[in-house]
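Listed below are the residues making up each chain.
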Amino acid sequence: MTVKRLSTLTGTLLTAGVVASCGGGGEASPSDASEPSAAPASNQAESEAPESSAAAPRELDYSPITASGPSDALAQVNARAEIRRIVIMETGQDIDEVPLEASWPYGNCTDAASLIPPPLKGWRLFSMSAGEWPQGSDFARMSFSFIEENTSPGTAEYNDTKQDIAFYISSGTPSVDSMKEAYSNPQLTSMMLAPGPYNYPIQKAPKDYPGRAVLLGDYFVQIEGTGKDVDVYFAKVIECGIASGLVAGGVDLTTLRAEP
């Protein structure tokens, strides 16, 4: 009887040892036993992902720019120039910069930037560094280029007919102080000033000098160019200044004319 019980107990223990070694000491959950193993996530994503298409080529935009002012116009021109640089890098093409037509409202001249008129017909804008050509309430600079119709960038005809004009407007500078003294001191007035558009006193300049200067309110306005339309732009700026109340001290309003 003792031998039989011992044999039974030994068999039980041996059976338990085999189960323990095979089962790892834990109970298998029903879900582990019934659910098949999932395929690797990477393989599943690759099989479901659509084929990627090549990026659409960038297009250069040469359409006219409508801006709220000179600063906005410059920002838009520079943005298009940046796209042009990217296209050159991506394609390796040699693409000449094309100046753009631009326009903005004009007639309410209250500070330096708002005194800059929009380009006349045939005059356009190149991209320019905002740091070198800023527009603000006290200081503004801008440059236009005249491009003859039916000429292509890089050709001799294009370069021969191209003209440029630049506006420099400032407030609170030594030039402003000097001009204020000229307008207020009768002796200096006769030496330094001469009648200009609308009979408004402007700075005297040598004959054929490609520049014009005037004090409008507290703003010293200087325009330099290669001939064409310099006087037209200058008259537009003076007209806007007078109409907006930017008249230098010492200027007699009764002496101003209605026409340039």
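Right above here is the structure, for reference.
Residues numbered from 1 in each chain as written. Predicted model: local features only at pLDDT ≥ 70, side-chain atom pairs only at ≥ 80, totals over all residues. Heavy atoms only, no water.

## Regarding the overall build of the protein
Next, step 1: A count of helical and extended segments in the protein gives 8 helices and 9 strands.
Next, step 2: Across the 260 residues of the protein, 31% fall into the buried class.
Next, step 3: If you take every contact in the protein between residues at least 6 apart in sequence, the share linking residues at least 24 apart comes to 60%.
Next, step 4: Accessible surface, the protein as shown: approximately 15900 Å² in total, 54% of it carbon and sulfur. (Helix = DSSP H or I, 4+ residues; strand = E, 2+ residues; numbered from the N terminus. Buried < 20%, exposed > 50% of the residue type's maximum accessible area, 1.4 Å probe, protein only. Contact = heavy atoms within 4.5 Å. Areas by Shrake-Rupley, 256 points an atom, 1.4 Å probe, with all protein chains shown as cover.)

## Considerations on the sheet that holds strand S4 (residues 139-146)
Next, step 1: Strand order across the open sheet formed by 5 strands is S3-S4-S5-S9-S8, with antiparallel pairing between neighbours. What marks the edges here is a single partner per strand, and that holds for strand S3 (123-124) and strand S8 (211-216).
Next, step 2: By the bridge criterion, 8 bridges tie S4 to strand S5 (residues 163-170) in an arrangement that is antiparallel. Note on S5: the bridge partner recorded for Ser 143 is Ala 166. (Pairing = 2+ DSSP bridges.)

## Re the state of the cysteines
Next, step 1: Within the structure shown, the criterion is met by 1 disulfide.
Next, step 2: Covalently, Cys 109 is tied to Cys 240 through a disulfide, its sulfur atoms 1.9 Å apart. Judged by the torsion about the S-S bond (105°), the Cys 109/Cys 240 disulfide is right-handed. Within this pair, whereas Cys 109 is found in the loop between strand S2 (102-103) and S3, its partner Cys 240 is found in helix H8 (residues 230-243), the two being separated by 131 residues in sequence. The two residues Cys 109 and Cys 240 agree in class, both being buried. (Disulfide = S-S within 2.5 Å.)

## Remarks on the environment of Ala 166
Next, step 1: Following the sequence through the fold, Ala 166 ends up in strand S5.
Next, step 2: Ala 166 gets classed as buried once you look at its relative accessible area, which sits at 9%.
Next, step 3: Separated by 22 residues in sequence, Ala 166 and Phe 144 place their C-alpha atoms 6.5 Å apart.
Next, step 4: Aside from chain neighbours lying at most four places away, what touches Ala 166 is Trp 133, Met 142, Ser 143, Gln 222, Ile 223 and Glu 224.

## A short note on the pattern of salt bridges
Next, step 1: The tally for this structure, following the rule as stated, stands at 7 salt bridges.
Next, step 2: For the salt bridge of Asp 231 with Arg 212, the shortest nitrogen-to-oxygen distance reads 2.7 Å. Of the two residues, Asp 231 is situated in helix H8 and Arg 212 in strand S8; the sequence distance between them amounts to 19 residues.
Next, step 3: The shortest N-O distance in the salt bridge between Asp 229 and Lys 228 comes to 4.0 Å.
Next, step 4: Lys 228 gets classed as partly exposed once you look at its relative accessible area, which sits at 33%. (Salt bridge = Lys/Arg side-chain N within 4 Å of Asp/Glu carboxyl O.)

## Some details on the packing of aromatic side chains
Aromatic rings considered in pairs are described by the distance between their centres and by the relative angle of their planes.
Next, step 1: For the structure shown, the criterion picks out 8 aromatic pairs.
Next, step 2: Aromatic side chains Phe 144 and Phe 167 sit 5.2 Å apart centroid to centroid with 55° between the ring planes, which places their arrangement in the tilted category. With Phe 144 in strand S4 and Phe 167 in strand S5, this residue pair connects regions lying 23 residues apart in the sequence.
Next, step 3: The exposure class of Phe 167 is buried, given its relative accessible area of 0%.
Next, step 4: Here the guanidinium or amino end of Lys 228 rests over the ring plane of Phe 146, the centre of that ring lying 4.8 Å away. (Phe/Tyr/Trp six-rings, centres within 6.5 Å; stacked < 30°, edge-to-face > 60°. Lys NZ or Arg CZ within 6 Å of the ring centre and 35° of its normal.)

## A word on the side chain of Ser 114
Next, step 1: By secondary structure assignment, the location of Ser 114 is in the loop between S2 and S3.
Next, step 2: Excluding anything up to four places from it in sequence, Ser 114 contacts Tyr 106, Asn 108 and Cys 109.

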